[in-house]
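Listed below, chain by chain, are the residues.
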Amino acid sequence: MMRQSSPLLHVLLWVLLSLATLFPIYWLFVISVKPAVDLFTTPSLILDTFYWKNYVNVVGNATLRGYMYNSLIISTSNAALVTMLAFLSCYALSRYDLAGKENIFFWTITNRMAPAAVFLLPFFLLFTQVFVIGEWRLYDSKVGMVLLYCTFNLPFAIWTLRPTMDGIPRELDEAATVDGATTWQVIHEVVLPLARPGLAVTFILTWVFAWNEFLLAATLTSFNARTITTGLSEYVTTTGTEWGTMASIAVITLIPALIIFSMVQRHIVAGLTFGAVKE
Amino acid sequence: MAEVAVRNVIKKYGHLQVIHGVNIEIADGEFVVLVGPSGCGKSTLLRMIAGLESISGGEVLIGGRVVNDVLPKDRDIAMVFQNYALYPHKTVAENMGFPLKLKGRPKEEIAAKVRKAAEILALEKLLDRYPKQLSGGQRQRVAMGRAIVRDPQVFLFDEPLSNLDAKLRVTMRVEIKELHQRLKTTTVYVTHDQIEAMTMADKIVVMRDGHVEQIGAPLELYDRPANVFVAGFIGSPAMNFVRGRIEARDGGAAFVSDHGTVLPVPAGTAPRAEPVAYGIRPEHIDVRDGGISATISVLEPTGSETQIFAHLGGDAINAAVRERISARPGETVPLLIDPARVHLFDDKSGARI
């Protein structure tokens, strides 16, 4: 017989793991509330001073506020668009007998099989040379970034959402059809509410990808659509790195993600275990 | 309410034909059961009536109107599915009221109709619960409630009792029959269970491999099965079949099995050169003096009756008798066959002679 390990050991293990996860964030926060001088003269992990000027500098900086705004708009629009498109695609893949649908499903993911950097040059050319209407270019536009992230997130979202959709019994669609529902009503009244956990997971993962993405944003934006992650890199200059300001931006960057996570946390837990147990 | 007609209906999946020109006429208010083994096409036919499967050929009429190209929502039917198909995110009341909500009926009317249906089905106390909080029988009642609030022209049931335990199945069977007697709505009911078919139907349609084998009232099918398949499918325990020929004997005729056993035939039966299948239901065999001596191989007493599995020479035979049998396996009992209850079928075609 297996020996039961003590509950105390379990608690201790979880506390240690949680601390290990939270430690870098704590460290980041400590750096963000110390003046630059303290960081190098007396490096310490103790939270002994509260130097709020780093935060004041960031919040007071209109450019940084613009970057943050861009990030929020791009990530949220992208996540909403991708989730909606993935939902409709998965509904079609799950419910209709499309010729070669398993091939379509498989090949959608191929653009995630190479590093994003591979696509940098073609995208740069497309954004600066091809998608140009008069003065307007896709380059350095929020629309451009939303569409760009769609190409990377949509396949991934389809793969994430498909099991959820397949897990919703087809009989429910049929029952609703016989009950008098149109296809749209079946989707809206039956499938959509039941797919909510999967949609929440898809939304958050897509949002986090767009929020954290650096390489493409750094290459395909310059000022108008510049995001906060690329904004961070501006504090690494030839004359030095403004660690305090960078840390405070990073802490602020964490806040929207935390808010979104806490809002959909319940669905995420349900979504990640969806279909694991037969109802 | 309405009559339903299925005329020369065909179903093909690519080159594979699964329904071969089926004809069924269902009168207004009639309870018709489609019965047959798995894969016989009964559920496919029901789904074609519902509009969930396209019709490859022929016509389906509901209330005199051809509905081949009519959407399910416009056929004025209600369907109860095998796995109930309740919406898990809606309460019992919302599930039952959903068809009316889709029709855009006022909330007060929906609430009143749901309440009335809930009263009929004893669901009043469960209206605020979700499907996962209900037992199998309760879920089945909610599915029926969802069907009756619409007051449809036709009810369709697709093996609705298959997921219930044996005891609950009997209870629900009675409830569905009571409901039909009360509402008198035309009903098409699919099952693979011939007991369900016999006990519930006004008319049974026996299907096999996409063909209709026989249509008739339950006792008509029991008393005069059209062929070997129907004879074997309807009735429990199943009919005994022995292969052999009808030969002239003692101024009349008698059946002689391939193993040489001689069995009585109905009066007026003429001898035949072609081989026949001799059918006798277990319940039409008695243990009585003057019967043919059979060796018992297994006895199954159930209290109300005893099943005897025995051998008549080289032929296996099963008898179900009311008496309690004191004999033991290996011993012999006299089995008396009532010739008037014997069924004879052509051995090659299986058709009734």
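Criteria and cut-off values
Residues numbered from 1 in each chain as written. Chains lettered and ligands numbered in written order. Predicted model: local features only at pLDDT ≥ 70, side-chain atom pairs only at ≥ 80, totals over all residues. UniProt positions renumbered as here; feature names shortened; annotations may be inferred. Helix = DSSP H or I, 4+ residues; strand = E, 2+ residues; numbered from the N terminus. Buried ≥ 20, exposed ≤ 12 C-beta atoms within 10 Å, placed from the backbone. Contact = placed C-beta atoms within 7 Å. Pairing = 2+ DSSP bridges. Axes fitted to C-alpha atoms, helices over the stretch in contact; angles between N-to-C directions. Nonpolar A, V, L, I, M, F, W, Y, C, P; charged D, E, K, R; others polar. Left-handed = near helix turned anticlockwise from the far one by under 90°. Domains from an automatic or database assignment. Expected span 1.5 Å × (residues − 1). Core = buried A, V, L, I, M, F, W, Y, C linked by C-beta atoms within 7 Å.

Identification of chain B as ABC transporter ATP-binding protein from Shinella pollutisoli is taken from an unreviewed UniProt entry. Annotation of chain B in UniProt includes, under Subcellular location (unreviewed entry), the sentence "Cell inner membrane". In its Sequence similarities (unreviewed entry) section, the UniProt entry covering chain B states "Belongs to the ABC transporter superfamily."

**Student:** How would you sum up the overall build of chain A? Please name residues and give values.
**Tutor:** If you tally the helices and strands in chain A, you get 13 helices and four strands. Each principal axis of the C-alpha distribution contributes one length, and for chain A these read about 75 × 75 × 35 Å. Burial status across chain A gives 32% buried among its 279 residues. Considering only intrachain contacts with a sequence separation of at least 6, the fraction spanning at least 24 residues in chain A is 76%.

**Student:** Which residues make up the overall build of chain B, and what are the values?
**Tutor:** Tallying secondary structure elements over chain B gives eight helices and 19 strands in all. Across the 353 residues in chain B, those meeting the buried criterion constitute 41%. Summarising the internal contacts of chain B: among those between residues at least 6 apart in sequence, 65% fall at separations of at least 24.

**Student:** Residues and numbers for the sheet that holds strand β2 (residues 16-26) of chain B, please.
**Tutor:** Strand pairing in a sheet is mediated by backbone hydrogen bonds. Such pairs are either parallel or antiparallel. Residues and elements named next belong to chain B. Pairing is antiparallel in the open sheet, where four strands are placed in the order β2-β1-β4-β5. Two strands lie at the open edges of the sheet, namely β2 and β5 (65-66), each paired on one side alone. Running over the sheet, helix α1 (residues 42-50) touches β1 (4-13), β2 and β4 (57-62) and is turned about 115° from β1.

**Student:** Explain the interface of chain A and chain B to me, using residue names and the numbers behind them.
**Tutor:** Facing 13 residues of chain A, the contacting portion of chain B comprises 17 residues. Secondary structure elements with two or more residues in the side of chain A that touches chain B: α8 (170-179) and α9 (183-194) of chain A. Among the elements that make up the side of chain A that touches chain B, the one with the highest residue count is α8(A) (seven residues). Residues of the side of chain A that touches chain B, tallied by class, amount to seven nonpolar, three polar and three charged.

**Student:** Provide a residue-level description of the packing of helix α4 (residues 62-95) of chain A against helix α10 (residues 196-212) of chain A, including the pertinent values.
**Tutor:** Residues and elements named next belong to chain A. Closest axis-to-axis distance for the α4/α10 pair is 8 Å, and the angle between their directions is 140°. As for how α4 packs across α10, the hand of that crossing is right-handed. Between α4, through S71, I74, S75, T76, N78, A79, V82, T83, A86 and F87, and α10, the contact on the second element is made entirely by L199, T202, F203, T206, W207, A210 and W211. Here the contact of α4 with α10 is built from residues that sort into 10 nonpolar, seven polar and no charged.

**Student:** Please provide a residue-by-residue account of the domain arrangement of chain A, values included.
**Tutor:** All names here are of chain A. According to the domain assignment, chain A consists of domain 1 (1-51) and domain 2 (57-277). Taking only C-alpha atoms, the centre of domain 1 and the centre of domain 2 are 31 Å apart. In this complex, domain 1 contributes eight residues to the contact, which on the side of domain 2 involves six residues. Where the side of domain 1 that touches domain 2 is concerned, the elements lending two or more residues are α1 (7-32) and α2 (36-41). The element that contributes the greatest number of residues to the side of domain 1 that touches domain 2 is α1, accounting for four residues.

**Student:** Requested: an account of the sheet that holds strand β14 (residues 276-280) of chain B, with residues and values cited.
**Tutor:** Residue and element names in this part refer to chain B. What the five strands build is an open sheet, ordered β13-β12-β11-β14-β19; its pairing is antiparallel. Across the chains shown, the open sheet's two edge strands, defined by having one partner strand only, are β13 (262-263) and β19 (343-346). Relative to β19, β14 runs antiparallel, the two sharing four bridges. If you follow V276 over to β19, its bridge partner there is D346.

**Student:** Which residues make up α10(A), and what values go with them?
**Tutor:** A turn of α-helix holds 3.6 residues, and therefore any two residues three or four places apart point the same way. Under the 1.5 Å per step criterion, the end-to-end length of α10(A) is 24 Å for 17 residues, consistent within 8% with the ideal 24 Å. Within the sequence span of α10(A), burial applies to P197(A), G198(A), L199(A), A200(A), V201(A), T202(A), F203(A), I204(A), T206(A), W207(A), A210(A) and W211(A).

**Student:** So what's going on with the nonpolar core? Which residues, and what values?
**Tutor:** Membership of the largest hydrophobic core comes to 139 residues, with the highest contact counts inside it found for L156(B) and V188(B). At 10 residues, the largest contribution of residues to this core is made by helix α7 (residues 142-167) of chain A. Excluding residues within four positions of it along the chain, V188(B) makes contact with V4(B), I26(B), V32(B), L34(B), L46(B), I49(B), V154(B) and L156(B). Core analysis: the next-biggest nonpolar cluster, separate from the first, contains nine residues, I31(A), L64(A), Y67(A) and I228(A) among them.

**Student:** Quick rundown of the pairing of strand β15 (residues 285-301) of chain B? Include the residues and the values.
**Tutor:** All names here are of chain B. Of the pairings in the sheet, the one linking β15 to strand β18 (residues 332-337) comprises seven bridges and is antiparallel in character. Bridging from a neighbouring strand, S293 pairs with P334 of β18. Relative to strand β16 (residues 306-312), β15 runs antiparallel, the two sharing six bridges. Across the sheet, V298 pairs through a bridge with F309, a residue of β16. Between β15 and β16, which follow one another and run antiparallel, lie four residues, and G303 among them has a positive phi close to 100°.

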